[in-house]
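# Observations on the model geometry
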Amino acid sequence: MDTLTIAHDGRQYVAMTTEELQQAGVPAEVIRQALEAQIIERAQAQIDAIADRVYTTSPSRSARYRRKLEEAIRYRDAGYPGNVPDADYPYLTAEAPARGITKRQLADAIIAAAQAYDTFGAAAEAARARLKTEVPQAADEAAKQGAAGAIVAEVQQGAQALQQ
C-alpha cells in the first residue's frame, strides 16, 4: 500500500496510508485525488524511463540520426539517384559500403527505423494520456495500481519489440 503526502485544510499529512488519512479526518475525495495523482505520476515516470532507454540520450548522436533521416528522405524523394557526389549524401555514401548494402537499402532502413520509433513514441504518449482516464475510472487503490501497471507493461512490450 502506498503512502501519501498531502496538504488539506492548512495541515500537512506526511507519508500516511489512505486508512491513516481517513482516520485523521481527511475527506475520501481528497485522498482519492491524491492517490490517483501519485499513481499517474509514477506510471508516467516509468513510461518516460522506458522511452529514455529506447531513444538515444546523446545530443550528438541524436543530431546525426536526425541528419541521416533528412538525408535518407531526400535521397528517396530524388528517386534514389545512382551516381551522386559523396558530398550530396555524406551519410549514405559513407555508411552503406561499411554495412555492405546499397545507398537505397540504407535509406529505406533509416526511414523504416524512424517510422518505428515514431510509432513507439506515439504509443507512449497515448499511454500517458490513458493513465489520466483509466486510473480515475478504476474502483479502488488496487484496481488503480493495476490499471497503471497494465498500461506501463504495454509500453515496455512496445519498447522490447522495437529493440529486437
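Thresholds, definitions, all that
Residues numbered from 1 in each chain as written. Predicted model: local features only at pLDDT ≥ 70, side-chain atom pairs only at ≥ 80, totals over all residues. Heavy atoms only, no water. Core = buried A, V, L, I, M, F, W, Y, C linked by side-chain atoms within 4.5 Å. Buried < 20%, exposed > 50% of the residue type's maximum accessible area, 1.4 Å probe, protein only. Helix = DSSP H or I, 4+ residues; strand = E, 2+ residues; numbered from the N terminus. Contact = heavy atoms within 4.5 Å. Pairing = 2+ DSSP bridges. Expected span 1.5 Å × (residues − 1). Arc of directions from axis to C-beta. Axes fitted to C-alpha atoms, helices over the stretch in contact; angles between N-to-C directions. Parallel < 35°, antiparallel > 145°, perpendicular 65-115°, else oblique. Nonpolar A, V, L, I, M, F, W, Y, C, P; charged D, E, K, R; others polar.

Below, the discussion takes up the nonpolar core. In terms of nonpolar packing, the biggest core is built from 27 residues, with Leu4, Ile6, Leu21, Ile47, Phe120, Leu131 and Val155 touching the most fellow members. Taken together, the elements giving at least two residues each to this core come down to β1 (4-8), β2 (11-16), α2 (28-54), α5 (103-137) and α6 (141-162). Residues within four places of isoleucine 6 in sequence aside, it is in contact with Arg11, Gln12, Tyr13, Leu21, Val26, Val30 and Ala34.

Bringing the pairing of β2 into the picture now. Look at any regular strand and the pattern is simple: side chains alternate between the two faces of the sheet. Note: β1 against β2, 4 bridges, orientation antiparallel. By the bridge assignment for β2, histidine 8 is matched with arginine 11.

End to end, helix α3 (residues 59-77) covers 27 Å across 19 residues, agreeing with the expected 27 Å (1.5 Å per residue, within 8%). Here α3 has its buried residues at Lys68, Glu71, Ala72 and Tyr75. Each buried residue of α3 sits inside an arc of 100° when the element is viewed along its axis, so together they form one side. Seen from the open side of α3, the exposed residues pointing more than 90 degrees away from its buried face are Pro59 and Asp77. Packing partners of the buried residues in α3 comprise α4 (90-99) and α5. Once α3 ends, the next one or two residues include glycine 79, with phi positive near 85°.

Running from amino to carboxyl end, α2 crosses α5 at an angle of 170°, the nearest separation of the two axes being 9 Å. Overall, the two elements α2 and α5 adopt an arrangement that is roughly antiparallel. Between α2, through Glu36, Ile39, Ile40, Ala43, Gln44, Ile47, Asp48, Ile50, Ala51 and Val54, and α5, the contact on the second element is made entirely by Tyr117, Phe120, Ala124, Ala127, Arg128, Leu131, Lys132, Val135 and Pro136. For the contact of α2 with α5, a count of residues per class yields 14 nonpolar, 1 polar and 4 charged.

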